[in-house]
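# Notes for the structure review
Here's the letter readout for the chains.
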Amino acid sequence: MVDLATIHTSNANLPSHLTAVFAGGTSGIGLYTLLALARHCANPTIYFIGRSQTAATRILADLDTTNPAGTYTFLPADVSLLKNVDAVCAHIAAREPHINILCLSQGTMSVGHETAEGMHAAASLVLHSRARFTLNLLPLLRAAPGLRRVLSVFTGTKEGPLTAVELQMRGVTNPLKARGQAASAVTLLMEEAGRRAPEVGLVHTYPGFVKSGIGRDFGVVAKGVGWVVERVLGKWLYVPVGESGERNLWLCTSGRFAAAGAGGEEKGVAAAVGTDGSVGSGVYTVDEKGESGGEAVLQVLRDLWAQNKDAWVWEEVRKEFLRITGKESM
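Residues numbered from 1 in each chain as written. Predicted model: local features only at pLDDT ≥ 70, side-chain atom pairs only at ≥ 80, totals over all residues. Heavy atoms only, no water.

An unreviewed UniProt entry lists the protein chain under the name NAD(P)-binding protein, from Karstenula rhodostoma CBS 690.94.

Shown next, in the form of structure tokens:
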């Protein structure tokens, strides 16, 4: 495990100005990471996107207290809809010449619900929405001086075989099987982005158990079970919210996860092993301890490449992009 002292040292030495976009930033891990950035960066410019204006108003007040030198903008949107993603990205692109960080944490634990655009909402948030944000904002990321990073908070290092007949995975009822397939799809989509923008470092992480509010869409029984588990086992199971924010900010900024061929963005920081098994490949799958996926994970990915599943995943997402918006990206 990467110890907290190392992470705190890294976070205490951020550039004085960074521009960051947080999708899913009004609650949970995205919010904790956003707050950590505001604490450690002297003059941040932060855009955060979510559905709750009430939550945003509270967060904006907290940010102005935490770091009044920052510039903070809330963009209200349901980002399960690709047309909303495009509108948000267009708004940012019209105002910023570049961004340094794109942090993606939007998602839901509820299944079986369809969006107005005809997609399974769970898959839309985790796969299509995140891929759309990434592709839309790659030009701004590539234009950034210094740090260029995408962090997708989901289930990095939990990749599994992709056997679903369609990427919406509406018929996958086994939660562990669904998790493994979705994790692989997220990582493969990040690799597609990495091929298009080798100047950008991309990280898919598993954050561990964190109080995030993602279970708000559960039914009453499931919420009750979660409440009991939290009260009885929480102090052993859960990563403290402050630590979660610090760890994910480190993933967003550390030279350990630099873009392919970029070298360390911090002196003395060795690059991590990437998804292709090589050091500093530019795309990384990382566990809750800050460590890259081991040989078992790398073998899963090698098998998927051998089966051309990377091309299949991209084509499935691309078809939905074309159906809904008429183009691959904004």
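Picking up where we left off.
Structurally, Gln106 can be placed in the loop between strand 4 (101–104) and helix 5 (121–142). A relative accessible area of 4% means that Gln106 is categorised as buried. There is a polar contact of 2.9 Å between the side chain of Gln106 and the side chain of Ser129. Setting aside residues up to four positions removed in sequence, Gln106 forms contacts with Ala23, Gly24, Val79, Leu125, Val126, Ser129, Arg130 and Phe133. (Helix = DSSP H or I, 4+ residues; strand = E, 2+ residues; numbered from the N terminus. Buried < 20%, exposed > 50% of the residue type's maximum accessible area, 1.4 Å probe, protein only. Polar contact = N/O pair within 3.5 Å; in protein donor to acceptor, adjacent residues only side chain to side chain. Contact = heavy atoms within 4.5 Å.)

Both faces of the sheet carry side chains from a regular strand, because those side chains alternate between them. By the criterion of burial, strand 5 (residues 149–153) is predominantly enclosed, with 5 of the 5 residues buried. Where strand 4 lies against strand 5, 4 bridges are found, and the strand directions are parallel. Residue Cys103 lies in a different strand from strand 5, and its bridge partner there is Leu151. As a crossover connection, the stretch from strand 4 through helix 5 into strand 5 is right-handed. Pairing of strand 5 with strand 6 (residues 201–205) involves 5 bridges; the strand directions are parallel. Residue pairing for strand 6: Leu151 is matched across the bridge by Val203. (Pairing = 2+ DSSP bridges. Right-handed = clockwise from strand over helix to strand, strands pointing away.)

Bringing the environment of Arg95 into the picture now. Its location among the elements puts Arg95 in the loop between helix 4 (82–93) and strand 4. At 3.0 Å, the side chain of Arg95 forms a polar contact with the backbone oxygen of His91.

Relative to the assigned elements, Asp86 resides in helix 4. In this structure, Asp86 is in contact with Arg132, Asn136, Thr325 and Met330, ignoring residues within four places of it in sequence. In this structure the side chain of Asp86 is engaged in a polar contact, spanning 2.8 Å, whose partner is the side chain of Arg132.

This part takes up the side chain of His204. You can see His204 is positioned in strand 6. Its relative accessible area of 0% is what places His204 among the buried residues. For His204, the side chain forms a polar contact with the main-chain nitrogen of Thr155, separated by 3.1 Å. Those residues in contact with His204 that sit more than four places away from it in its chain are Ser152, Phe154, Thr155, Gly156, Glu159, Ala183, Val186, Thr187, Met190, Tyr284, Thr285 and Val286.

This next bit is on the nonpolar core. By size, the foremost hydrophobic cluster in this structure holds 50 residues, and its most contacted members are Ile49, Leu102 and Phe133. Ranked by residues supplied to this core, first place goes to helix 5 with 10 residues. Leave out the neighbours within four places in its chain, and Phe133 touches Ala23, Ile49, Val79, Val85, Val88, Cys89, Leu102, Leu104 and Gln106. If you look at the next biggest cluster of nonpolar residues, it comprises 37 residues, including Ile29, Ala36, Tyr72 and Leu249. (Core = buried A, V, L, I, M, F, W, Y, C linked by side-chain atoms within 4.5 Å.)

Attention shifts here to the packing of aromatic side chains. A complete count under the given rule lists 4 aromatic pairs for this structure. When the centroid spacing of 5.5 Å and the interplanar angle of 80° are considered together, the rings of Phe257 and Tyr284 count as edge-to-face. Residue Phe257 is located in the loop between helix 8 (241–253) and strand 7 (283–286), and its partner Tyr284 is located in strand 7; the two are separated by 27 residues in the primary sequence. One exposure class covers both Phe257 and Tyr284, and it is buried. Ring plane angle 75° and centroid distance 6.2 Å describe the contact between Trp314 and Phe321, whose orientation is recorded as edge-to-face. When its relative accessible area of 10% is taken as the criterion, Trp314 is described as buried. Chaining the aromatic ring pairs together yields one cluster made of Trp250, Phe257 and Tyr284. Sitting over the ring of Phe321, Arg132 keeps its end group 4.8 Å from the ring centre. The side chain of Lys309 reaches across the aromatic face of Trp312, ending 5.1 Å from its centre. (Phe/Tyr/Trp six-rings, centres within 6.5 Å; stacked < 30°, edge-to-face > 60°. Lys NZ or Arg CZ within 6 Å of the ring centre and 35° of its normal.)

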